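Overview (structure and organization)
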Amino acid sequence: MSGDATDADITQAARHMLDWSSDVPAKSVKVAVHDHKATLSGTVAWGYQRDAALKAMTNLRGITAVRNEIVLDQAAAATPAKTAIVAALQRNAQLDPQSINVDVNGHDLVLRGNVRTFAEYREAEHTVWNAAGVTSVQNNLVVTS
């Protein structure tokens, strides 16, 4: 594609990228492009699937911005268990789990406490997103380096 790609050209390329991404469930994510800005929408079950759809857009020529409106939808039975989430944080060698508190409200998680670096901040959020049943993470951790 040249630098003169139209919104229609970009939309077609973006759809192909989503179709070819093994981590994005088929037909679950839609893309619309207006003024070289892509908007992703649809529903997936896992945070990594939403991240994969966003990543598929990052290297497309002609896109100047991506808005990710993909919604996570997990079965009601898959409510995250706080003990499993805390255990996952404890298994992560990059984190000090004693300084991180997790509040679970249905499918929503809130992280509170202190971490030493921004890398730990991101790692804690990434770790809890991987828990079954999580559809929302509010990261209120404070970096205290």
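Note that residues are indexed from 1 along each chain, following the sequence as it is written. Side-chain atom pairs in this predicted model are given and counted only at pLDDT of 80 or more, local residue features only at pLDDT of at least 70, and totals for whole chains, interfaces and linings cover all residues. Hydrogen atoms and water are omitted, and side-chain values are computed over all heavy atoms in the structure.

Another point: the overall build of the protein chain. Only DSSP runs of H or I covering at least 4 residues are called helices, and only runs of E covering at least 2 are called strands; the numbering of each starts at the N terminus. Along the backbone of the protein chain there are four helices and seven strands. From first element to last, N terminus to C terminus, the protein chain shows the α and β order α-β-β-α-β-β-α-β-β-α-β. Along the three orthogonal principal directions, the C-alpha set of the protein chain runs to about 55 × 40 × 20 Å. When contacts within the protein chain are restricted to residue pairs at least 6 apart in sequence, those whose partners lie at least 24 apart make up 64%. Residue burial considers only the protein chains on display, and all accessible areas are found by Shrake-Rupley using a 1.4 Å probe. A total accessible area of about 8500 Å² is found for the protein chain, and carbon and sulfur atoms account for 50% of it. By the counting scheme adopted, Arg and Lys are positive, Glu and Asp are negative, and His together with the chain ends is not counted. A charge is said to be at NZ when it belongs to Lys, at CZ for Arg, at CG for Asp and at CD for Glu. For the protein chain, the centre of its 13 positive side-chain charges and the centre of its 15 negative side-chain charges are spaced 2 Å apart. Whether two residues are in contact is decided by their heavy atoms, any of which lying within 4.5 Å being enough.

Here we take up the sheet that holds strand 5 (residues 100-105). A strand pair is defined by DSSP finding two or more bridges across the two strands. The strand order 5-6-7 describes an open sheet built from three strands, whose pairing is mixed. Both outer strands of the open sheet, strand 5 and strand 7 (136-143), are each paired with one neighbouring strand and no more. The average undirected angle you get between the axes of adjacent strands in this sheet is 10 degrees. In this sheet, strand 7 lies alongside strand 6 (residues 108-115) in parallel orientation, the contact comprising eight bridges. Following the sheet pairing, Val115 is matched in strand 7 by Val143. Interaxial angle, 0 to 180 degrees, is taken between N-to-C directions of lines fitted to C-alpha atoms, where a helix line uses only the stretch in contact. Against the sheet, helix 4 (residues 118-129) touches strand 5, strand 6 and strand 7, its axis set at about 155 degrees to strand 7.

With that settled, the discussion passes to the nonpolar core. Side chains that are nonpolar tend, in soluble globular proteins, to be buried together. Core analysis: the largest hydrophobic core is formed by 36 residues, its most contacted members being Leu18, Val29, Val31, Leu40, Met57, Ile100 and Leu111. Apart from the residues lying within four places of it in its own chain, the contact partners of Leu111 are Ile100, Asn101, Val102, Ala124, Glu125, Val128, Val137, Gln138, Asn139, Asn140 and Leu141. Remark: nonpolar core denotes a set of buried residues (Ala, Val, Leu, Ile, Met, Phe, Trp, Tyr, Cys) joined through side-chain atoms within 4.5 Å. Only protein chains enter the accessibility calculation, which uses a 1.4 Å probe; a residue is then buried when its area is under 20% of its type maximum, exposed when over 50%, and partly exposed in between.

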